[in-house]
Amino acid sequence: MEKPITSNEAYAEWIQVNEPNEAALQTQRQEKFVYSPLISIVVPTFNTQETFLRDMIGSLIHQTYANWQLCIADGGSDVKFHIENILAEYAKSDSRIIYTMIGKNLGIAENTNVALNSAQGEYIGFLDHDDILAPFALYEIVKSINEQMKPDFLYSNEDKFVEVGGLRFEPYYKPDFSIDMLRSVNYIGHFSVVKQDVVKKIGGFNGEFDGSQDYDFLLRVAETTKHIVHIRKILYHWRSHEASVALNPES
């Protein structure tokens, strides 16, 4: 495992050395796995800025693993954000993209559950509306699923970014799974992928925990299975902006 890098300059060099270049990404696109599950990515949206929304969807479209489904549920966004028009545009051009306009904001947990209702994949991944996945994220997930005998729950390392193609910083190198640590703090965060059967068993997200719904969900997943895999690669990029928890925990 590579030694963690913290300074922005050193981290940029680390990215160049350790992450796949375009030739490697092209090789990934051509790889055939013994088991190629459908991965449903679930995203609740609400008043998402157009640039953020397009960046998020674009990060799915550019995945090197193609067997995915994007399930978006919008919780009554203001018309001025044009979210329905944007989602209709993408859904028309790519049948893997499905969206539901709820018409009102049910809260982040219940909005997510609406998106889950459209998910058909054997595995479910969770992505925030203003964040992005590394182009090799789903490839690495499916690679681990094949190598680790179809685990129930997978999570990865992550970092933060200011804009697509711009500065990436604060890489977060997580420890392997520890139930004691998880009960103390939600160190898992992003990017989490869970078997559809497990999601159904625990009943999805609980609206009573809006704001901490992810933590509650992960604790219940961890109580359901011990077949948990930590992928020691940075697969998730957490956008840092004024309204994000990445920049301001008070958000």
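For clarity, every value in this text was computed on a predicted model and none was experimentally measured. (Residues numbered from 1 in each chain as written. Predicted model: local features only at pLDDT ≥ 70, side-chain atom pairs only at ≥ 80, totals over all residues. Heavy atoms only, no water.)

**Structural notes on the pattern of salt bridges**
With the rule as written, the count across this model stands at 13 salt bridges. The salt bridge partner of Glu89 is Arg54, with a shortest N-O separation of 3.0 Å. Linking Glu89 in helix H4 (residues 83-93) with Arg54 in helix H3 (residues 50-61), this pair joins segments that are 35 residues apart in sequence. For Glu89, a relative accessible area of 42% gives the class partly exposed. For Glu140, the salt bridge identified is with Lys233, shortest N-O distance 3.2 Å. In this pair, Glu140 is assigned in helix H6 (residues 137-147) and Lys233 in strand E9 (residues 228-239), connecting sequence segments 93 residues apart. The class for Glu140 is buried, based on a relative accessible area of 7%. Linked through salt bridges whose partners overlap, the residues forming this network are Glu19, Asp159 and Arg168. (Salt bridge = Lys/Arg side-chain N within 4 Å of Asp/Glu carboxyl O. Helix = DSSP H or I, 4+ residues; strand = E, 2+ residues; numbered from the N terminus. Buried < 20%, exposed > 50% of the residue type's maximum accessible area, 1.4 Å probe, protein only.)

**Let's talk about the packing of H3 against H4**
Each packed pair of helices is defined by two parameters, the angle between the axes and the distance between the axes. Packing of H3 against H4 brings their axes to within 11 Å, and their N-to-C directions diverge by 20°. Judged by the inter-axis angle, H3 sits roughly parallel to H4. Relative to H4, H3 is oriented so that their crossing is right-handed. Across the interface between the two elements, Glu50, Leu53, Arg54, Ile57 and Ile61 from H3 touch Ile83, Ile86, Leu87, Glu89 and Tyr90 from H4. Here the contact of H3 with H4 is built from residues that sort into 7 nonpolar, no polar and 3 charged. (Axes fitted to C-alpha atoms, helices over the stretch in contact; angles between N-to-C directions. Parallel < 35°, antiparallel > 145°, perpendicular 65-115°, else oblique. Left-handed = near helix turned anticlockwise from the far one by under 90°. Contact = heavy atoms within 4.5 Å. Nonpolar A, V, L, I, M, F, W, Y, C, P; charged D, E, K, R; others polar.)

**A short note on helix H1 (residues 8-18)**
Every buried residue of H1 is accounted for by Tyr11, Trp14 and Ile15. Angularly, the buried residues of H1 cover 105° about the axis, an arc narrow enough to put them on a single face. Across from the buried face of H1, at angles greater than 90 degrees, the exposed residues are Glu9, Gln16 and Val17. Looking at the buried residues of H1, the elements they touch are strand E6 (153-161), strand E7 (168-172) and E9. (Arc of directions from axis to C-beta.)

These figures come from the coordinates and say nothing about function on their own.
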